[in-house]
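Notes for the structure review
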Amino acid sequence: MRTSLFTDHYELTMLQAALASGAAHRPSVFEAFSRRLPEGRRYGVVGGTGRLLEGLADFHFGDDELKFLSDNKVVNAETLKYLENFTFTGTITGYAEGELYFPNSPLLMVESTFAEACVIETYLLSVMNHDSAIASAASRMIASAANRPCIEMGSRRTHEESAVAAARAAIIAGFDSTSNLEAGARYGLKTVGTSAHSFTLLHDTERAAFEAQVASLGRDTILLVDTYDVETGVRTAVEVAGPELGGVRLDSGDLVQQAGWVRALLDDLGNWNTKITVTSDLDEYAIAALASAPVDSYGVGTALVTGSGHPTASMVYKLVSRQDDAGDWIPVAKAAANKASVGGRKYAVRELNERGRAVAEVVSTSEYTTGGPERDLMVPLVVNGEIDASFIGPQGVAKAAARHRASIQEMPGEARKLQRGEPVIPTVMVRS
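The present account deals with the structure reproduced in this document. (Residues numbered from 1 in each chain as written. Predicted model: local features only at pLDDT ≥ 70, side-chain atom pairs only at ≥ 80, totals over all residues. Heavy atoms only, no water.)

Quick look at the packing of helix α10 (residues 206-217) against helix α11 (residues 230-241)
Their axes nearest at 10 Å, the elements α10 and α11 cross at an angle of 40°. Of the possible angle classes, the one that applies to α10 and α11 is oblique. Note that α10 runs across α11; the crossing there is right-handed. Side by side, α10 and α11 meet where E206, R207, F210, E211 and V214 of the first sit next to T232, G233, T236, A237, E239, V240 and A241 of the second. Here the contact of α10 with α11 is built from residues that sort into 5 nonpolar, 3 polar and 4 charged. (Axes fitted to C-alpha atoms, helices over the stretch in contact; angles between N-to-C directions. Helix = DSSP H or I, 4+ residues; strand = E, 2+ residues; numbered from the N terminus. Parallel < 35°, antiparallel > 145°, perpendicular 65-115°, else oblique. Left-handed = near helix turned anticlockwise from the far one by under 90°. Contact = heavy atoms within 4.5 Å. Nonpolar A, V, L, I, M, F, W, Y, C, P; charged D, E, K, R; others polar.)

Right, here's the structure in full:
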């Protein structure tokens, strides 16, 4: 599917005006960054990089797209001619997907002509803002869950394509699996699921429903036991499946209290190995509240796919440097109150202490070293139009998940706290 029309009208009218003025082909550098984290959050997680690169490969204007632009008089003939042959030929350097970020981290540096960087702006921001918001929320949920697995199951709470993106972002941040089959097919993700309340209601009795599920899916299946009375449901599940019953799912009520007595009941009935999964509008705070309960896994839906109260990472995309007619590079920056930016191409390293723990995010306008232990944060993603394939597809997801695990381990312990606070490490800006 071509991605070129996943953009705003004004990107192409800017292109048209720049072509007319002769500035469209000026070498330029754009930066994507967030001025601040969502209120109270300690860190953000980069998500969507692989999806962005996949979409960039398909960012072309075919006959249908050009006809739409022409018929609706979006741009003139000269601009249509330019778009006929459009392909991104620039270079993109940035934080690896799964990496943690902080206020003013230079998440992506796009180096190309103004025209190329301008045309991809909206698509870039829509992918990165959505996926980073989901990955950031998912990471907090994983911190609350400790070593208990989390299952992404929010497909029915968002747009169908957003559901795939959310599942992918959740896995990168540490989720164990997803209910979304399309996400599984595209990215090689583990998919899980058994039954809903409708399956139980379809049958004449709860026992008949359980018998049908066990007969079809095996004794190690997970039975949903709260369609009617929970205690009766648990006892019936054990009678039907025996001690080999894989698990029971609780989807309503006081989950902390309920999980406790359900665990006791299962043990009393001899089902010591039967696990308990809880669902029902969980977020990171609800998961944390269940820390002392005998829960084995969490199914998370609405809160995850909506960013747990922060559905966007609020990234912006700004021109920070351009060449003049003499070929000299000129740093440029927005000066508006509360929205000022820092001009110039950026570089970033994470300063570490002697134990390998992060102490600061150092952003500079020239290549810079702290003089001590540090880790370079900027990696090449696209070089002269050539996309690094290791960041896309199933291998890209695995690579991003590994990066996230390593980045979290690098942080001070305060990063995992849910209490509102300042970013866990400061961002230090060094101007050359």
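Topic: the sheet that holds strand β11 (residues 297-300)
In space, the 6 strands of this open sheet follow the order β7-β6-β11-β10-β9-β8, with parallel pairing throughout. Both outer strands of the open sheet, β7 (177-178) and β8 (222-224), are each paired with one neighbouring strand and no more. Summarising the sheet, strand β9 (residues 247-250) and strand β10 (residues 275-278) pair through 4 bridges and their orientation is parallel. Bridge pairing links G247 to K275 in β10. (Pairing = 2+ DSSP bridges.)

Looking at unusual backbone geometry
Glycine aside, a negative phi is what most residues show, and trans is what most peptide bonds show. Notably, N104 is not glycine yet its phi reads approximately 70°, a positive angle. With respect to the helices, strands and loops of the structure, N104 is situated in the loop between β4 (100-101) and β5 (108-113). N104 gets classed as partly exposed once you look at its relative accessible area, which sits at 30%. Here S280, not a glycine, exhibits a phi torsion of approximately 90°, which is positive. If you trace the backbone, S280 turns up in the loop between β10 and α13 (284-289). Overall, the relative accessible area of 31% leaves S280 in the partly exposed class. (Buried < 20%, exposed > 50% of the residue type's maximum accessible area, 1.4 Å probe, protein only.)

As for the pairing of strand β12 (residues 315-323)
Along β12, 7 of the 9 residues are buried, which leaves the element largely enclosed by surrounding structure. Relative to β12, strand β1 (residues 27-34) runs antiparallel, the two being bridged by 7 bridges. Bridge pairing links F30 to L319 in β12. In this sheet, strand β13 (residues 329-331) lies alongside β12 in antiparallel orientation, the contact comprising 3 bridges. Note that in β13 the partner of S321 across the bridge is P331. Taking the residues between adjacent antiparallel strands as the criterion, β12 and β13 are bridged by 5 residues, where G327 takes a positive phi near 90°.

Thoughts on the packing of aromatic side chains
By the definition in use, this model includes 8 aromatic pairs. Seen in terms of ring centroids, F61 and F86 are 6.2 Å apart; in terms of plane orientation they differ by 85°. Their pairing is edge-to-face. Here F86 lies in the loop between α4 (77-84) and β3 (91-95) and F61 lies in the loop between α2 (49-57) and α3 (63-71), a separation of 25 residues in the sequence. For the pair formed by F61 and F86, the shared burial category is buried. These aromatic residues form a ring-pair network of at least three members: F6, F59, F61, Y82, F86 and Y123. Cation over ring: R345 sits above Y347, and NZ or CZ is 4.5 Å from the ring centre. In this arrangement the basic side chain of K399 is found over the ring face of F391, its NZ or CZ atom lying 3.9 Å from the centre. (Phe/Tyr/Trp six-rings, centres within 6.5 Å; stacked < 30°, edge-to-face > 60°. Lys NZ or Arg CZ within 6 Å of the ring centre and 35° of its normal.)

A word on the sheet that holds β12
Strand order in the open sheet made by the 7 strands is β13-β12-β1-β5-β3-β17-β18, with antiparallel pairing throughout. Across the chains shown, the open sheet's two edge strands, defined by having one partner strand only, are β13 and β18 (386-387). Relative to β5, β3 is paired through 4 bridges, and the arrangement is antiparallel. By the bridge assignment, G94 is partnered in β5 with L108. In this fold α2 packs onto β3, β5, β17 (378-383) and β18, with an angle of close to 15° to the strand it touches most, β17. With respect to the sheet, helix α6 (residues 121-145) is in contact with β1, β5 and β12, its orientation differing from that of β12 by roughly 140°.

Quick word on the packing of α11 against helix α12 (residues 255-268)
The interhelical angle for the contact between α11 and α12, taken along N-to-C directions, is 35°, at an axis separation of 11 Å. Crossing hand, α11 versus α12: right-handed. Residue-level inspection shows V230, E231, V234, R235 and V238 of α11 in contact with α12, the latter providing Q258, W261, V262, L265 and L266. Here the contact of α11 with α12 is composed, by residue class, of 7 nonpolar, 1 polar and 2 charged.

Concerning the nonpolar core
Formed by 63 residues in total, the largest nonpolar core has its most connected members in F175, V225, L250, V278 and Y298. The contact partners of F175, leaving out residues within four places of it in the chain, are A138, M141, I142, C150, I151, E152, A170, V300 and L304. With 54 residues, the next largest nonpolar core counts F30, F88, M109 and L377 among its residues. (Core = buried A, V, L, I, M, F, W, Y, C linked by side-chain atoms within 4.5 Å.)

A closer look at the pattern of salt bridges
Overall, the coordinates contain 23 salt bridges when judged by the stated rule. Across the salt bridge formed by E65 and R2, the nearest N and O atoms sit 3.6 Å from each other. In this pair, E65 is assigned in helix α3 and R2 in the segment before α1 (9-21), connecting sequence segments 63 residues apart. The salt bridge partner of R403 is E99, with a shortest N-O separation of 3.5 Å. Here R403, found in helix α15 (residues 393-410), pairs with E99, found in the loop between β3 and β4; they are 304 residues apart in sequence, far enough to count as distant. (Salt bridge = Lys/Arg side-chain N within 4 Å of Asp/Glu carboxyl O.)

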